[in-house]
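Topology and contacts: notes
Listed below, chain by chain, are the residues.
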Amino acid sequence: MSESKPVVYADRQPLPAIEIKNVGKVFSVGNQTVQALRDVNLTIKKGEFVCLIGASGCGKSTLLRIMAGFEKATSGIVNMYGMPIDGPSPERGMVFQDYGLFPWLTVKENIGFGQRQRNLPKAKLEEISAYYTEMVGLTKFADYYPGQLSGGMKQRVSIARVLANDCEVLLMDEPFGALDALTREKLQQDLLEIWERTKVTIVFVTHAVEEAVMLSDRVVVMTAGPGRIEEDIKLELERPRDITAIEFNQVRRDITQYMTSHVSTKAVA
Ligand SMILES: Nc1ncnc2c1ncn2[C@@H]1O[C@H](COP(=O)(O)OP(=O)(O)OP(=O)(O)O)[C@@H](O)[C@H]1O
């Protein structure tokens, strides 16, 4: 990757990137209600890499969607740098498992899509698009369409697209869940490189303990019925991390144990 153009975001260090206070979320389904989240508190610093982990149905996606502004909390406070989150914004880019690319646009057009809406001069738009296409290693495929790409390549486009759109908080909902093991590992390493290079804040939902330990500064364990935060574990492991190291496996075992002790009947990766 070229180091020619570091991404510099405004220094809003004193305020947390994301602050969630006493958040609850109730869905109404017909005449029934589902309490998806209760009393969730979470503070994420600028530049942190936080993984949300927990069994199916514990509210990980709901919490992420609230951070994205796609859902409104029923109660509590949700702030980004001290300002209430009251709707979607390019500052909070979401990456989904199923990519969400426009099939009729090429790689570079998908990546430049958000900026194109801002009526930038064509040369500037091309520069931004080329920069992020290069960041995710797809320069040779810039004129390909999504249908001509592998799953891993599509997910790279999806990541580049939100970054190109001036994203400060990257919200990722099981982004590598549909990929084979080798591609997943490669994308994890590439994501870490992108994180180090851009200093973007990342909130990453996964079911896989190993993935959470490989990637994050903190692992937040959620449990269901209703969804809440059970443990918030700061990882002291050095980077780059070695999946075969004793310390890595100790942390992995500890987190798996936290999860199984709270959810004895559900598989935890
Ligand atoms: N739009 C909705 N309408 C009604 N109920 C919903 C809605 N979205 C989520 N829920 C419910 O809220 C709870 C939490 O769901 P959520 O998808 O956030 O969990 P999750 O931990 O992300 O699950 P998974 O790991 O399977 O994706 C579940 O009981 C789910 O059925």
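Here's what I pulled together on the structure shown here. Keep in mind it's a predicted model, so treat the numbers as computed, not measured.

Turning to the overall build of the protein chain, a few remarks are in order. The number of helices and strands found in the protein chain is 8 helices and 10 strands. Here the C-alpha atoms of the protein chain give a radius of gyration of 19 Å, agreeing with the 18 Å that 2.2 N^0.38 yields for 269 residues. Counting the 269 residues in the protein chain, one finds 39% classified as buried. For the protein chain, the proportion of contacts with a sequence separation of at least 24, taken over those separated by at least 6, is 70%.

Right, let's get into unusual backbone geometry. The linkage connecting Gly225 with the following residue, Pro226, adopts the cis geometry, with an omega of -10°. Within the secondary structure, Pro226 is located in the loop between strand S9 (218–223) and strand S10 (228–234). Residue Pro240 is bonded to the preceding Arg239 through a cis peptide linkage, with omega at -5°. For Pro240, the position within the fold is in the loop between S10 and helix H8 (246–262). For Asp39, which is not a glycine, the phi torsion comes out positive at approximately 50°.

Calculation criteria
- Residues numbered from 1 in each chain as written.
- Predicted model: local features only at pLDDT ≥ 70, side-chain atom pairs only at ≥ 80, totals over all residues.
- Helix = DSSP H or I, 4+ residues; strand = E, 2+ residues; numbered from the N terminus.
- Rg over C-alpha atoms; globule rule 2.2 N^0.38 Å.
- Buried ≥ 20, exposed ≤ 12 C-beta atoms within 10 Å, placed from the backbone.
- Contact = placed C-beta atoms within 7 Å.

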